[in-house]
Amino acid sequence: MPHAALAHPPRWLTAAQLHPAPCAAVRDWLFDQGSLTRRLTALSNNAFSVTPLEEGWQTLRADECVALGIPAGSQGWVREVYLRGHGDIWVFARSVAARSALEGSGLDLHQLGSRSLGELLFSDRAFDRGAIEVTRYPAPLLPAEVRDERLWGRRSCFSRGELGVLVAEIFLPRLWHQAGVEAV
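None of the values given here were measured: they were computed from a predicted structure.

What counts, and at which threshold
- Residues numbered from 1 in each chain as written.
- Predicted model: local features only at pLDDT ≥ 70, side-chain atom pairs only at ≥ 80, totals over all residues.
- Heavy atoms only, no water.
- Helix = DSSP H or I, 4+ residues; strand = E, 2+ residues; numbered from the N terminus.
- Polar contact = N/O pair within 3.5 Å; in protein donor to acceptor, adjacent residues only side chain to side chain.
- Salt bridge = Lys/Arg side-chain N within 4 Å of Asp/Glu carboxyl O.
- Buried < 20%, exposed > 50% of the residue type's maximum accessible area, 1.4 Å probe, protein only.
- Core = buried A, V, L, I, M, F, W, Y, C linked by side-chain atoms within 4.5 Å.
- Contact = heavy atoms within 4.5 Å.
- Pairing = 2+ DSSP bridges.
- pLDDT = per-residue confidence, 0-100.

(A) Seen up close, the side chain of Arg154. Positionally, Arg154 belongs in strand 6 (residues 151–160). Here the side chain of Arg154 touches Trp29 through a polar contact of 3.2 Å, landing on its backbone oxygen. Within polar-contact distance, the side chain of Arg154 engages the backbone oxygen of Asp32 at 2.9 Å.

(B) Inspection of the pattern of salt bridges at higher detail. Tallying each qualifying case throughout the model produces twelve salt bridges. One salt bridge connects Asp63 with Arg61, and the closest N-O pair in it is separated by 3.0 Å. The class for Asp63 is buried, based on a relative accessible area of 14%. Put simply, Arg61, Asp63, Glu64, Glu80, Arg94, Glu133 and Arg155 are held in one network by salt bridges that share partners.

(C) Region of interest: the nonpolar core. Counting residues in hydrophobic clusters, the biggest one holds 23 residues, and the most contacted among them are Leu109, Leu163 and Val165. Contributing elements (two or more residues each) for this core: helix 3 (62–68), strand 2 (75–85), strand 3 (88–98), helix 4 (99–102), helix 5 (117–123), strand 6 and strand 7 (163–171). Per-element tally for this core: the top contributor is strand 7, with four residues. Apart from the residues lying within four places of it in its own chain, the contact partners of Leu109 are Glu55, Trp77, Ala97, Leu102 and Leu117. Among the nonpolar cores identified, the runner-up in size contains 21 residues, and Leu18, Val26, Val134 and Phe171 belong to it.

(D) Looking closely at unusual backbone geometry. Across the junction of His19 and Pro20, the peptide omega takes the value 0 degrees, indicating a cis bond. Even without being a glycine, His86 presents a positive backbone phi close to 55 degrees. Structurally, the position occupied by His86 is in the loop between strand 2 and strand 3.

(E) Layout of the environment of Val181. Looking at where Val181 falls in the secondary structure, it is placed in the segment after helix 6 (173–179). In this structure Val181 touches Ala25, Val26, Trp29 and Trp176, once residues within four positions along its chain are discounted.

(F) The side chain of Ser95, seen in detail. By the element assignment, Ser95 lies in strand 3. A residue is classified by how much of its surface remains accessible, and Ser95, at 7% relative accessible area, is buried. Setting aside residues no more than four positions away along its own chain, Ser95 makes contact with Trp77, Val78, Arg79, Leu117, Leu166 and Val167.

(G) Quick peek at the pairing of strand 2. Counting buried positions over the eleven residues of strand 2 gives ten, a clear majority of the element. Sheet topology note: the strand 1 (residues 48–59)/strand 2 ladder contains eleven bridges and is antiparallel. Of the residues in strand 2, the one forming a bridge with Phe48 is Gly85. Two elements, strand 2 and strand 3, share ten bridges in a ladder whose sense is antiparallel. The partner of Tyr82 across the bridge, within strand 3, is Phe92. Connecting strand 2 to the next strand, strand 3, in antiparallel fashion are two residues, including His86 with a positive phi near 55 degrees.

(H) Fine view of the confidence of the model for the protein chain. Per-residue confidence for the protein chain gives a mean pLDDT of 90; residues scoring 70 or more make up 96%. Of all secondary-structure elements in the protein chain, the lowest mean pLDDT belongs to helix 5, at 80, while strand 3 reaches the highest, 97. Segment residues 1–5 is flagged for pLDDT under 50; beyond a separation of four residues in sequence, or across chains, it makes four contacts in the model.

Right under this line is the structure:
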């Protein structure tokens with residue numbers, strides 16, 4: 001289904017707007033300001049990996065354009081990956097950056113391969129992380145093999161000058177199981 005035709009796009013909410021709020025353990029994961037890569041690496045006892053799914057220039061979704069402060073229908077770099085622990089898919093991540101800001105920024109996203117974008121963003125002190133927003137991510141936007149209803153997701157924008165990199169992370173059931181969290 002084309003993203004433009006999505007009947008119910010993600011409705012991103014701040015912690016203050018979230019009602020009813022999820023349990024404390026889920027909130028801890030959703031609103032953690034630290035590196036998700038580092039947290040997943042610790043949870044997996046260093047058996048963490050990144051599996052790239054899709055990368056390239058695309059027309060960004062409307063909610064992404066709004067978050068990046070760019071015109072609707074803008075082109076951007078899209079990177080979709082699985083974050084894995086012990087080979088299990090724990091998180092689906094979608095990162096986007098506007099073409100207009102990315103070109104000439106010195107950030108070369110297409111060379112990441114199986115390295116974590118999060119680790120890059122957290123290791124570069126020039127990036128500032130914006131507010132974390134959360135949603136129940138629409139199933140049609142997920143890859144078929146992990147498609148499920150009402151999965152918790154979060155996003156935040158990492159900014160450096162004119163460049164904004166919007167990172168969305170969707171938490172999958174196997175992560176909650178591994179973390180011992182009842183994610184309702």
